[in-house]
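Structural characterization, general
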Amino acid sequence: MEHDDVFWRARTTSGKAICLSDQFPGIKVEEVMRGQVAFVGLPPVDLGTGEIDWTANPHGNRSWALNLHALRWMGRLVGAYEQSGERVCLERAADITAQWLRANPRDGAGVSPWAWAEHAVALRAPALVCLSEHVHTRPLWDSLAEHGQVLANPALYREGHNHGLDQDIALLVVACRLGRARWRDLAVRRMTASAELAIDAQGVLHEQAPRYGLYVHRRLGVALRAIRESGTEPPERLLARRRALETYVAHATQPDGRLVPIGDSPADTRADGFPHSGPTVRVFDGGYVFGRTAWNDPDSAYYSIRFGPGRRLHGHEDHLGITYSARGRRILVETGFHSYERTGYVTWTRSPEAHNVPIPTAGTFHPGTPTHLLSSAITPSRQSFDLADEAYGVRRTRRVLINHGPDWMAIHDTVASGTLRSTFHLDPSLKLLSRGEGAVVLGDDGGFHVTLLHFPGEGEAIRPGLVSTGYLRTAENVTVLSPEAQSVLTVIVPHNG
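Scoring rules and cut-offs
Residues numbered from 1 in each chain as written. Predicted model: local features only at pLDDT ≥ 70, side-chain atom pairs only at ≥ 80, totals over all residues. Heavy atoms only, no water. Helix = DSSP H or I, 4+ residues; strand = E, 2+ residues; numbered from the N terminus. Buried < 20%, exposed > 50% of the residue type's maximum accessible area, 1.4 Å probe, protein only. Pairing = 2+ DSSP bridges. Axes fitted to C-alpha atoms, helices over the stretch in contact; angles between N-to-C directions. Parallel < 35°, antiparallel > 145°, perpendicular 65-115°, else oblique. Left-handed = near helix turned anticlockwise from the far one by under 90°. Contact = heavy atoms within 4.5 Å. Nonpolar A, V, L, I, M, F, W, Y, C, P; charged D, E, K, R; others polar. Phe/Tyr/Trp six-rings, centres within 6.5 Å; stacked < 30°, edge-to-face > 60°. Lys NZ or Arg CZ within 6 Å of the ring centre and 35° of its normal.

Moving on, we get to unusual backbone geometry. Between G405 and P406 the backbone carries a cis peptide bond, its omega angle lying at 0°. The topology assignment puts P406 in the loop between β11 (396–403) and β12 (408–415). With an omega of 10°, the peptide bond between F455 and P456 qualifies as cis. Summarising the element assignment, P456 is placed in the loop between β16 (448–455) and β17 (461–470). Despite not being glycine, N296 has its phi angle at roughly 60°, a positive value. The residue N296 is located in the loop between β4 (288–292) and β5 (302–306) in this model. Phi at R327 is positive, roughly 55°, even though this residue is not glycine. In this fold, R327 is placed in the loop between β6 (322–326) and β7 (329–332).

Here is the structure:
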């Protein structure tokens, strides 16, 4: 028994603890110390200071349950101990972890499905590594080894996905802690290959949501730091993909500093610190056009257009979709990202009807249909783009013309046979002021107006709508449907009232 204890102590001191606690989401230490946790902006939940119910999900929210089992909130307590020296924080972290280990054996009966979900494992392992720097118990060490085995399992690996990147970071820090050079090398190899699969040479992330471009960029920063702390230099191929990603995120950032809410991108996500320079209009072959009149000007006009490969991962059925801002005001907006909950509204936000697209009145929608950019013409004062697809079994085309100085946008939609209606979701700040003779006028409280002119000029519909303004938040808006015709021209003119 004495020989076994000596062997175990040697194992627990075999490698460096790369602790990334400053990358864990912030917590209120005093709340966690008294048994309360708050995740994803939802109200605090009292877990108590005794035995924690790890099957709890009081908000019925998938993201909340994931965060509970990720234990990054525990990792923040370790960071608090390292900064303050208050041992009660470390003791609380150790108790939370010991409870989790006892209550959540892998494949155990009655264990929450979130306990060993691949992303929970990836997010939890770095927190356990942080704790292992100060707490040396056999259950913790054995759990680190088990986490490493799960992370290294190719059958559970999410290659080319943000979860896969988190798995690679976790495997790297676990490998360093346990002294497993093969796991460390595997993590770096996978990370590099996965980045080249997920991010194209122009920087477009194939998950089809700018917010995930921001997330992956940040997580790659954490990965590079972990690689360097492991005693080696990151591969140049990995550095190159992260640099390319910066260009995509910068162009996807609106003049107000928030990411354009394409795909699963909350409308209030900020993307600060990215270099804003170079061409003001950029076509990305991965399926995006981003244009503006000037960098670093909050009053700049801005637009986005979607095309490219069919929907995947965090994308929406938004092909041919447009967003538009002018004079520092949002005009055409996406219905956007609400949450990962399985509700009718969330499902609808991913549908074509939730985007600014032309919808044929006959035919069946075919999900995942690619859209082609047929041509483009770009000058400083005017840009035009021609696009087409057969998402409804019939060819539909859209030509977009954007003018700057004065600002206006013209959209010409056609369908090869039958008729279509073009849908336009207006920013919640814009209220309906008047309609008639093919003109719809909206305005905000500050005197900013926008007129939608339709040709043909009769038959448009005005409907109340609901757009997502942030995670689990919505606001009422006005949705305008064009007249029904085989060919519809819409001109959008911002102006003062």
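Attention now goes to the pairing of β16. Across the eight residues of β16, six count as buried, placing the element largely inside the fold. Pairing of strand β15 (residues 439–443) with β16, which is carried by five bridges, proceeds in the antiparallel orientation. Bridge pairing in β16 places V440 opposite L452. Counting the residues that bridge the hairpin from β15 to β16 gives four residues, and of these G447 lies at a positive phi of roughly 90°.

Another point: the packing of helix α6 (residues 118–132) against helix α7 (residues 138–152). Remark: α6 packs on α7, axes separated minimally by 10 Å, with the N-to-C direction vectors making an angle of 150°. Relative to α7, the element α6 is oriented roughly antiparallel. In the packing of α6 onto α7, the handedness of the crossing is left-handed. Where α6 abuts α7, its residues V121, A122, R124, A125, L128, V129, L131 and S132 lie against L140, S143, L144, H147, V150 and L151. Residues belonging to the contact of α6 with α7 are distributed by class as follows: ten nonpolar, three polar and one charged.

Let us now look at the packing of aromatic side chains. In the structure shown here, the tally under the stated rule is 15 aromatic pairs. Here the aromatic rings of F365 and Y392 are separated by 5.1 Å at their centres, their planes lie at 50°, and the arrangement is tilted. Remark: Y392 occurs in the loop between β10 (382–389) and β11 and F365 occurs in the loop between β8 (358–360) and β9 (372–378); sequence separation between them is 27 residues. Members of the aromatic cluster, each reached through a chain of ring pairs, are F39, W54, W64 and W73. Positioned over the ring face of Y157 is R190, at 3.7 Å from the centre of the ring. Just above the ring of Y288 sits the side chain of R306; from NZ or CZ to the centre is 4.4 Å.

For the rest of this paragraph, the subject is the sheet that holds β7. Here five strands make up an open sheet; going across it, the order is β3-β4-β5-β6-β7 and the pairing antiparallel. The open sheet terminates on both sides in strands that have one partner only, identified here as β3 (281–284) and β7. Each neighbouring strand pair of the sheet contributes to a mean axis angle of 15°, computed without reference to strand direction. As judged from the four bridges shared by β5 and β6, these two strands associate in the antiparallel manner. Among the inter-strand pairings, S304 is bridged to a residue of β6, identified as T323.

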